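Analysis of the macromolecular model
Each chain, letter by letter, is given below.
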Amino acid sequence: MSDTRPTERELEEAFIKITFRDEREDQNKDRLYTNWTENASEPWSDPFIFATNQLRKLYPGHTVVASQSGVASILGFPAAYVQSLRPDLMISENIFVPFARRMGTPGALVERVSYGCFQVAWEKYDFKLFVTTFLRGYGQVAYQFIVHEGTSEQPSKDLLIAAGGWAQALHDEIWVFNQGFWDKDPGLWEEVQKANWKDVILDEDFKATLQKDVFGFFSSERVYLELQIPWKRGIVMYGPPGNGKTISIKAIMKGALERGYSPLYVKSFKSWAGEEFAMSQVFRKARAEAPCVLILEDLDSLINDSNRSFFLNQLDGLENNDGLLVIGSTNHYDRLDPAITKRPSRFDRKFLFDKPTHDERVLYLQYWQKKLRHNKDISFSDALKDQIADLTYDFSFAYLKEAFVSALVLLATYDSVPKPTFEEMIKKQIAALRKQLDETETKPSVLGYAPQESTLAASRELQHPSQVHESQIPKSGGTADFGSFKRDIQNRAKTAVAYGRSFIA
């Protein structure tokens, strides 16, 4: 090491000088700086310039490279070995982070350094790192000053690039945009890892087509180039709530991660700088991450009359949108502007996630049979499976799940004698959910979800009463209640007509 390296005493004095003293005698050696501070508004010494000059004087024969901590924080870079040189002089803020109560501990303290000096080792280089926080402009900023022996700044800049690159990369996280900012969300990543296409209970042909449209996009770049068309795609997933859109989106995000493509998730376009600014930030990030999947869940809530024109300009690609697969979802397709759904090259593919048909309900019930097969307290026969499939016509997957979850929880907590059977309990829950469904079914918000080119769930499954198969008729007291079933069709048809909707019976 050089003989000019300061002693520990000199280092301590330098800290005190940088922090508390205005070194007029040193500033006077720089005429430009002195004249500037004395004649521009009020005499004022910029902390950044002052600290840089002081470190250069303190470490002759060294380079000083400064940057805002922000994304390229050296202290947060795991590939660098960092040790405090003067713990007694370090000033840090301890921030309490609460944990969930079930974790058994109230929380943890996260230390944020406001002022300190550190020895840093990275690859074959040694550095000194000074961290300080001060007021600048409209707020407080944190700066880091990297001191390296020699005349070349490149090692220090390489360290900053490596730290910034690590911070920008995903580490078991997913990029989420909310309130005007992008942030990396490890919680969403954990939820996405739980998704599995085997747990997405949909018609197999429908599911295969959806997967092919999504993942086939990323392998078709050459086709787009040969056809001389922009390599971008838009997909809308729509239909009443509770029928597989969200879990399918999670499975898509997981598949994208496994293939090395970044999924970007947008929660809201509301921001401190307005929705148009937020949209520009979203698409700028998407273009930088391309090829990637941009998820716009609840599309009808994200796009409104005031921001629609700007959104369409971004979507149409006044800038290069190559490699962007945009997936939107909505429970209210009819609320979307035709300029979004009808215009070619915006959202070309549309997938209806309707209420499950009889066959899809059977698939879902088979899924639960497998989950419960090792539970000795539960008897779930094929005969019961067929009965439940009949009783749950017009149920969404969410309603089906609620029937099972509520029945199983009630059975597990039942403390009276005699204890009901699983069959008795789930039929009771289905009846309660049927009553709830009947009370909400005639509301316009429920009937109004579907676009004109689609049909209601019943039109995929129910034919004219004279053509209905016996297995599709709900049972009452062990016999077919055909009259009740027919009246149900008639009542729902009348309701649909009253709201200007078509109903196929």
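Anything mentioned here points back to the structure above.
Residues numbered from 1 in each chain as written. Predicted model: local features only at pLDDT ≥ 70, side-chain atom pairs only at ≥ 80, totals over all residues. Heavy atoms only, no water.

**Here we look at helix H14 (residues 358-372)**
Heads up, the condition is: Here a helix means four or more residues in a row that DSSP labels H or I, a strand means two or more in a row labelled E, and each is numbered from the N terminus. What a helix should span is 1.5 Å times the count of its residues minus one. Each residue is assigned to one of three classes by its accessible area relative to the maximum for its type, calculated with a 1.4 Å probe on protein chains only: buried under 20%, partly exposed between the two thresholds, exposed over 50%.
An ideal rise of 1.5 Å per residue puts 21 Å on 15 residues; H14 measures up with 21 Å between its terminal C-alpha atoms. All of the buried residues in H14 are His-358, Glu-360, Arg-361, Val-362, Tyr-364, Leu-365, Trp-368, Gln-369 and Leu-372.

**What to know about a nonpolar patch on the surface**
Short version of the rule: Patches were defined on residues exceeding 30% relative accessible area and lacking a salt bridge, with like-charge contacts within 9 Å and nonpolar side-chain contacts (Val, Leu, Ile, Met, Phe, Trp, Tyr) within 5 Å. Exposure was quantified through the Shrake-Rupley algorithm and a 1.4 Å probe, taking into account, for residues, occlusion by the shown protein chains and nothing else. Here a salt bridge means any side-chain nitrogen of Lys or Arg lying within 4 Å of a carboxyl oxygen belonging to Asp or Glu.
Nonpolar side chains collect at one region of the surface, where Ile-95, Val-97, Phe-99, Met-103 and Val-110 lie side by side and expose about 400 Å² of accessible area between them. Examined against the element boundaries, Val-97 turns out to sit in strand E3 (residues 91-98).

**Describing the pairing of strand E12 (residues 324-330)**
Most of E12 sits inside the fold, with seven of its seven residues counted as buried. Judged by which residues are buried, E12 turns out to be covered on both faces: Leu-324, Val-326, Gly-328 and Thr-330 on one side and Leu-325, Ile-327 and Ser-329 on the other are all buried.

**Some thoughts on the sheet that holds strand E8 (residues 181-185)**
Condition: Two strands are counted as paired when DSSP detects at least two bridges linking them. Axes here refer to lines fitted to C-alpha atoms; in helices the fit is confined to the stretch in contact. Angles between the N-to-C directions go from 0 to 180 degrees.
The strand order across the open sheet built from seven strands is E8-E7-E10-E11-E12-E9-E13, with neighbouring strands paired in mixed fashion. The open sheet has two edge strands with one neighbour each: E8 and strand E13 (349-352). Neighbour to neighbour, the strand axes of the sheet diverge by 20° on average, direction disregarded. Bridging between strand E11 (residues 292-296) and E12 involves five bridges; their strand directions are parallel. Following the sheet pairing, Val-293 is matched in E12 by Leu-325.

**As for the packing of H14 against helix H16 (residues 397-412)**
Selection criterion: To sort the angles, those under 35 degrees are grouped as roughly parallel, those over 145 as roughly antiparallel, those from 65 to 115 as roughly perpendicular, and the leftovers as oblique. For any helix crossing, the convention is left-handed if the near helix is rotated counterclockwise from the far helix by under a right angle, and right-handed if that rotation is clockwise. Here, two residues are considered to be in contact whenever any of their heavy atoms come within 4.5 Å of each other. Note that Gly is not counted as nonpolar here; it falls among the polar residues with everything else outside the nonpolar set of Ala, Val, Leu, Ile, Met, Phe, Trp, Tyr, Cys and Pro and the charged set of Asp, Glu, Lys and Arg.
Between H14 and H16, whose axes approach to 11 Å, the crossing angle comes to 30°. Classed by the angle they form, the pair H14 and H16 counts as roughly parallel. Considering only the axes of H14 and H16, their crossing is right-handed. Note on element contacts: H16 touches H14 through Phe-397, Leu-400, Lys-401, Phe-404, Val-405 and Leu-408, opposite Glu-360, Arg-361, Tyr-364, Leu-365, Trp-368 and Leu-372. Tallied by class, residues from the contact of H14 with H16 come to nine nonpolar, no polar and three charged.

**Concerning the packing of aromatic side chains**
Using the following cut-off: Ring pairs shown here join Phe, Tyr and Trp side chains whose ring centres sit within 6.5 Å, with only the six-membered ring taken for Trp; geometry is labelled stacked below 30 degrees between planes, edge-to-face above 60, and tilted in between.
Tallied over the full model, the rule gives 26 aromatic pairs. Where Phe-134 meets Tyr-143, the ring centres are 5.5 Å apart and the plane angle is 5°; that geometry is what we call stacked. Here Phe-134 and Tyr-143 have matching classes, each one buried. Taking 5.6 Å as the distance between ring centres and 70° as the angle between the ring planes, the aromatic pair formed by Phe-395 and Tyr-399 counts as edge-to-face. Assessed through its relative accessible area of 0%, Phe-395 is described here as buried.

**Thoughts on the side chain of Gln-369**
Rule in force here: We define a polar contact as two N or O atoms separated by no more than 3.5 Å, with the added condition that, inside protein, one atom must be a possible hydrogen donor and the other a possible acceptor, whereas residues neighbouring each other in sequence contribute only through side-chain atom pairs.
Mapped onto the secondary structure, Gln-369 falls in helix H14. Given the relative accessible area of 15%, Gln-369 is considered buried. Of the polar contacts made by the side chain of Gln-369, one reaches the backbone oxygen of Ser-381; its length is 3.5 Å. Residues in contact with Gln-369, not counting those within four places in the same chain, are Phe-380, Ser-381, Asp-382 and Lys-385.

**Concerning unusual backbone geometry**
Following Ala-290, the chain continues to Pro-291 via a peptide bond in cis, the omega torsion being 0°. Relative to the helices and strands, Pro-291 is located in the loop between helix H10 (275-289) and E11. One non-glycine residue, Asp-172, adopts positive backbone phi at about 55°. Positionally, Asp-172 belongs in the loop between helix H5 (154-168) and strand E7 (174-178). Phi is positive for Asp-394, close to 70°, though the residue is something other than glycine. Mapped onto the fold, Asp-394 is located in the loop between helix H15 (382-391) and H16. The buried category is assigned to Asp-394, whose relative accessible area is 9%.

**With respect to the environment of Gln-436**
If you trace the backbone, Gln-436 turns up in helix H17 (residues 422-440). Here the side chain of Gln-436 touches Tyr-399 through a polar contact of 3.2 Å, side chain to side chain.

**Thoughts on the packing of helix H7 (residues 204-218) against helix H9 (residues 245-258)**
Viewed as axis vectors pointing N to C, H7 and H9 meet at an angle of 40°, and their least axial separation amounts to 11 Å. The angle between the axes of H7 and H9 places the two elements in the oblique class. For the crossing formed where H7 meets H9, the hand is right-handed. Within the contact between the two elements, H7 uses Leu-210, Val-214 and Phe-215 and H9 uses Ser-248, Ala-251, Ile-252, Gly-255 and Ala-256. By residue class, the composition of the contact of H7 with H9 is six nonpolar, two polar and no charged.

**Observations regarding the nonpolar core**
Where we set the bar: What makes a nonpolar core is a set of buried Ala, Val, Leu, Ile, Met, Phe, Trp, Tyr and Cys residues whose side-chain atoms join them at distances within 4.5 Å.
The biggest cluster of nonpolar side chains holds 55 residues, and the ones touching the most others in it are Ile-327, Phe-380 and Phe-422. Among the elements that line this core, the one with the most residues is H16, at seven residues. Aside from chain neighbours lying at most four places away, what touches Phe-380 is Leu-365, Trp-368, Gln-369, Leu-372, Lys-385, Ile-388, Phe-404 and Phe-422. In terms of nonpolar packing, the next biggest core, distinct from the first, is built from 29 residues, Val-266, Leu-312, Leu-336 and Ile-340 among them.

Keep in mind that these numbers describe shape and distance, not what the molecule does.
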